[in-house]
Every structure is written in C-alpha cells, then in structure tokens.
Amino acid sequence: MIRITKPGRLRLAVLASGRGSNFEAICQAIEEERLNAEIVLVISDKKNAPVLNKAQTRKIDFFHIAPEDYPDKAAYEQEIIKRLKEYDITLVVLAGYMRLIGKELLKAYQWKIINIHPALLPSFPGLNAQQQAIDYGVKFSGCTVHFVDDGVDSGPIIMQRVVPVLPEDSAEALAERILIEEHQVYAEALQLLAKGQIYLDGRRVIIK
Ligand code: GAR
C-alpha cells in the first residue's frame, strides 16, 4: 500500500482545455479554507481557453503550451514537465483537459495526476459522457475523481457522486447538474490528499 501525499499544503498545477469552472471551484475552496492548497500554475493546450483569462484575473501564472509546436507528444509533455518542475508541483489536476496523458507525464508524476470525469466510471469513459449516459438509458449518472493511468478514464477511483438522470434530460441539462457535484467533490478529494489520507492498494483507493 502506498501513501500518495504527506499532510501539508498542496502545490497544484491545473491542466485545462476550456471554460475552467472546476478551476474556479478549486480556487473558491482554497479561499474559503475548505482546501489546504495553492494553485501555482495553469497550463492549457488551447490558446483561447477561458481558463487562461480566469488564471490571469486571479494572478496565477499561466501558460499556453501548443501541442502542434512540438514534433511529438513526448516533446510536448517534456515542455509541460519542465514547467511543473520549475514550480515544484505536488499534484497535477486535470480540469476539463481534453487530451490523453502520455507516457512521459505518467512516468514523471506517477499517481500524482488526478482527473474528474462527468460519469460514474467505469461507465461512459471518453468524450460526451453525459450523452452516452442518456443514450444508454441509465437512471443515475454522476462524476468520478480518479488517478490517471495509461488508459482512458480507467485509473483508481478516489471519490464519486451520484446524480439522477431525469426523463426529459438533454446532455446539457444533465451536464449542468453533474457539474454542481463536480465542483464539490473535486475540492473534497483534494483536501483528503492535502491531509495525507489517501492510500493506494492495487487499484483500490483507501481513505484513512
Ligand atoms: C467537466 O464537466 C469535466 O468533468 C469534463 O469537462 C468539463 C470541464 O468543465 N471533463 C472531461 O470530460 C474529461 N474527460 P470546466 O472547464 O468548466 O471545468
């Protein structure tokens, strides 16, 4: 069994591709002292991602690192790793980062990369999780905070929240309801890591 983090203030890097509402929710949890952490760095693969403006407003250092500027994924991720090391990051938090994490990053930050996914994994991994849930006809979906491994949304599960799927739900309506839970559960999971309460036993996450 391995302990993921020792108790103490987390130094977080957020990787995001878009809107950044989970980023904002984490910032808010820090401000309200529900989370003992600091976001020291935001990285986006998308130049015009709103999350970058949000980071700027909050005076958090941010970088746009464009995958197309590098010969391959390994070189792109090496650039990310360079920044993460510069900022002495404890954890990498994926918040709507719409790319698969490659070997380089996984090796450099093993069990130090976490993600939030808008479904109850292992159901509905990958893109359009909310639409997948509606199309399948499940009565409940939700969100999952998990460690990132080399599969698609397949890493050890830290926490989940259940959200009912309503008969008239559109993907957007369901996404909105799931998002409310995402904003809560991500900060809670991170706080468990800040308190050093998270252990990994095989693929089971133990909260002590
Ligand atoms: C969130 O719903 C998150 O769960 C999802 O993207 C959205 C990002 O919103 N992530 C994925 O689908 C990852 N596979 P945000 O930019 O407002 O945090």
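Up top is the structure these notes are about.
Residues numbered from 1 in each chain as written. Predicted model: local features only at pLDDT ≥ 70, side-chain atom pairs only at ≥ 80, totals over all residues. Heavy atoms only, no water.

Engineer: Go over the layout of surface pockets with me, naming the residues and quoting the values.
Structural biologist: Roughly 850 Å³ of internal volume is contained in the largest pocket. Taken together, 36 residues make up the lining of the largest pocket; nearest its centre are G96, Y97, M98, I116 and P118. Considering every element that reaches the lining of the largest pocket, the biggest residue donor is helix α6 (residues 171–194), with four residues. Of the residues assigned to the lining of the largest pocket, the class counts are 14 nonpolar, 15 polar and seven charged. (1 Å grid on protein atoms, 1.4 Å probe; cavity = no way out; pocket = protein on both sides within 12 Å on 5 of 7 lines; lining within 4 Å. Points joined across faces, edges and corners; volume = space filled by probe spheres on them. Helix = DSSP H or I, 4+ residues; strand = E, 2+ residues; numbered from the N terminus. Nonpolar A, V, L, I, M, F, W, Y, C, P; charged D, E, K, R; others polar.)

Engineer: Tell me about the packing of aromatic side chains, and please be specific about residues and values.
Structural biologist: Counted by the stated rule, this structure contains four aromatic pairs. Seen in terms of ring centroids, F63 and Y87 are 6.1 Å apart; in terms of plane orientation they differ by 75°. Their pairing is edge-to-face. With a gap of 24 residues between them, F63 in strand β4 (residues 62–64) and Y87 in the loop between α3 (73–86) and β5 (91–94) connect regions that are remote in the sequence. Its end group placed over the ring of F63, R83 keeps NZ or CZ at 4.1 Å from the ring centre. We note K208 situated over the ring of Y199; from NZ or CZ to the ring centre the distance is 4.7 Å. (Phe/Tyr/Trp six-rings, centres within 6.5 Å; stacked < 30°, edge-to-face > 60°. Lys NZ or Arg CZ within 6 Å of the ring centre and 35° of its normal.)

Engineer: Any details on the sheet that holds strand β9 (residues 198–201)? Residues and values, ideally.
Structural biologist: Reading across from one edge, β1-β9-β10 is the order of the three strands in this open sheet, with antiparallel pairing throughout. At either end of the open sheet lies a strand with only one pairing partner, and these are β1 (2–3) and β10 (204–207). Relative to β9, β1 is paired through two bridges, and the arrangement is antiparallel. Its bridge partner lying in β9, I2 is registered against L200. (Pairing = 2+ DSSP bridges.)

Engineer: Please set out the sheet that holds strand β8 (residues 157–164) residue by residue, giving values where relevant.
Structural biologist: Pairing is mixed across the open sheet formed by seven strands, whose spatial order is β4-β3-β2-β5-β6-β7-β8. Among the strands making up the open sheet, the edge pair consists of β4 and β8. Pairs of neighbouring strands in the sheet enclose a mean axial angle of 20°, with direction left out of account. Both strand β6 (residues 113–117) and strand β7 (residues 140–147) contribute to a ladder of four bridges, which runs antiparallel. Within β7, the position partnered with N115 by the bridge is H146. Across the sheet, α3 lies against β2 (10–16), β3 (37–44), β4 and β5, angled at about 155° from β3, the strand it touches most. (Axes fitted to C-alpha atoms, helices over the stretch in contact; angles between N-to-C directions. Contact = heavy atoms within 4.5 Å.)

All we've got here are geometric facts, nothing functional implied.
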